[in-house]
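What follows is the residue order along each chain.
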Amino acid sequence: MTPQALIFDIDGTLWDSRALVAEGYNLQLRDEGLDRLCVNAEQLRPLFGQVITAIADALLGSIPEGERYGLMERCMARENRYLAENPCDIGYPEIRETLEALAEKFDLYIVSNSQRDYPELCMEKLGIARLIRGHLCFGDTGTPKDQTILRLLREHTISSAMYIGDTQADCDSAHAAGIPFLWAAYGFGKATDYDDMVSQPRELRKLLNQQK
């Protein structure tokens, strides 16, 4: 059955911001005299998609817990500013054109484990804000992704949906929320018990041919 809505992850699904995120983090870390904690894009690859506290624990484990999460918030705020100032030509090939085609048949949404304001940055930089009917992230809800998905479904009265992401954690979250999962295999991670998959963004257009 064709879903009413498609809900997208961001990192590894819509764009690859790892290098720019690392640069933003590092600007803040250097300003605070913490050059030893600077990161690179490959270090971020397995962490993208996790909640903010988990990323902080992985990258800033040498910082006392009472200071760690505040530092991560400052790094993410600097990241947001850096992305806002950068052209961000980091969307996956044909992703905007693909979403434009999908928006003719489906209601499009975003749910991410990101900090607040990150979804808005992504939508602005990719030129897709007009296509997205609503979005939520960990920074908005403070809850695991499955609960954030459920909140989005309630708030927008969505009767049926599919989640599109790139990791097993995304898959688990979608299934915990009671909706099918489409694995974006071109992204950062692996998934096993997905309901459907694509190897490149333009293949998402096959959803346009599904029958109700």
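These notes cover the structure that comes with them. (Residues numbered from 1 in each chain as written. Predicted model: local features only at pLDDT ≥ 70, side-chain atom pairs only at ≥ 80, totals over all residues. Heavy atoms only, no water.)

Some remarks on the sheet that holds strand E6 (residues 196–198)
Pairing in this open sheet of 6 strands is parallel, and the strands run E3-E2-E1-E4-E5-E6 from one edge to the other. Each having just a single partner strand, strand E3 (132–137) and E6 make up the two edges of the open sheet. Geometrically, the sheet is characterised by an average inter-axis angle of 20 degrees between neighbouring strands, direction not taken into account. Two elements, strand E4 (residues 161–165) and strand E5 (residues 181–184), share 3 bridges in a ladder whose sense is parallel. Each bridged residue has a counterpart across the sheet, and for Tyr163 the counterpart in E5 is Phe181. (Pairing = 2+ DSSP bridges. Helix = DSSP H or I, 4+ residues; strand = E, 2+ residues; numbered from the N terminus. Axes fitted to C-alpha atoms, helices over the stretch in contact; angles between N-to-C directions.)

Some thoughts on the pairing of strand E2 (residues 107–112)
For E2, the buried fraction is high: 6 of the 6 residues fall into the buried class. The two faces of E2 match: Asp107, Tyr109 and Val111 on one face and Leu108, Ile110 and Ser112 on the other face are all buried. Taken together, the 4 bridges between strand E1 (residues 5–8) and E2 define a ladder with parallel strand orientation. In the sheet register, Ala5 faces E2, and the bridge partner there is Asp107. In this sheet, E3 lies alongside E2 in parallel orientation, the contact comprising 5 bridges. (Buried < 20%, exposed > 50% of the residue type's maximum accessible area, 1.4 Å probe, protein only.)

Observations concerning the nonpolar core
Judged by nonpolar contacts, the single largest core of 54 residues is most densely connected at Phe8, Leu14 and Tyr25. In terms of nonpolar packing, the next biggest core, distinct from the first, is built from 18 residues, Tyr109, Leu136, Ile179 and Trp183 among them. (Core = buried A, V, L, I, M, F, W, Y, C linked by side-chain atoms within 4.5 Å.)

With respect to unusual backbone geometry
Positive phi is not limited to glycine here, since Cys88 has a value of about 55 degrees. One non-glycine residue, Asp117, lies in the positive phi region at around 80 degrees. With respect to the helices and strands, Asp117 occurs in the loop between E2 and helix H6 (118–126). Residue Asp117 is classed as partly exposed on the basis of its relative accessible area of 44%.

Topic: the side chain of Asp146
Counting through the fold element by element, Asp146 comes out in helix H8 (residues 145–155). The side chain of Asp146 is buried and forms no salt bridge, while Arg154, the nearest opposite charge, is found at 9.4 Å. Excluding residues that lie within four positions of it along the chain, Asp146 makes contacts with Ser173, Ala176 and Ala177. (Lys, Arg positive; Asp, Glu negative; His and termini not counted. Salt bridge = Lys/Arg side-chain N within 4 Å of Asp/Glu carboxyl O. Contact = heavy atoms within 4.5 Å.)

Function cannot be read off these values alone, since they describe shape.
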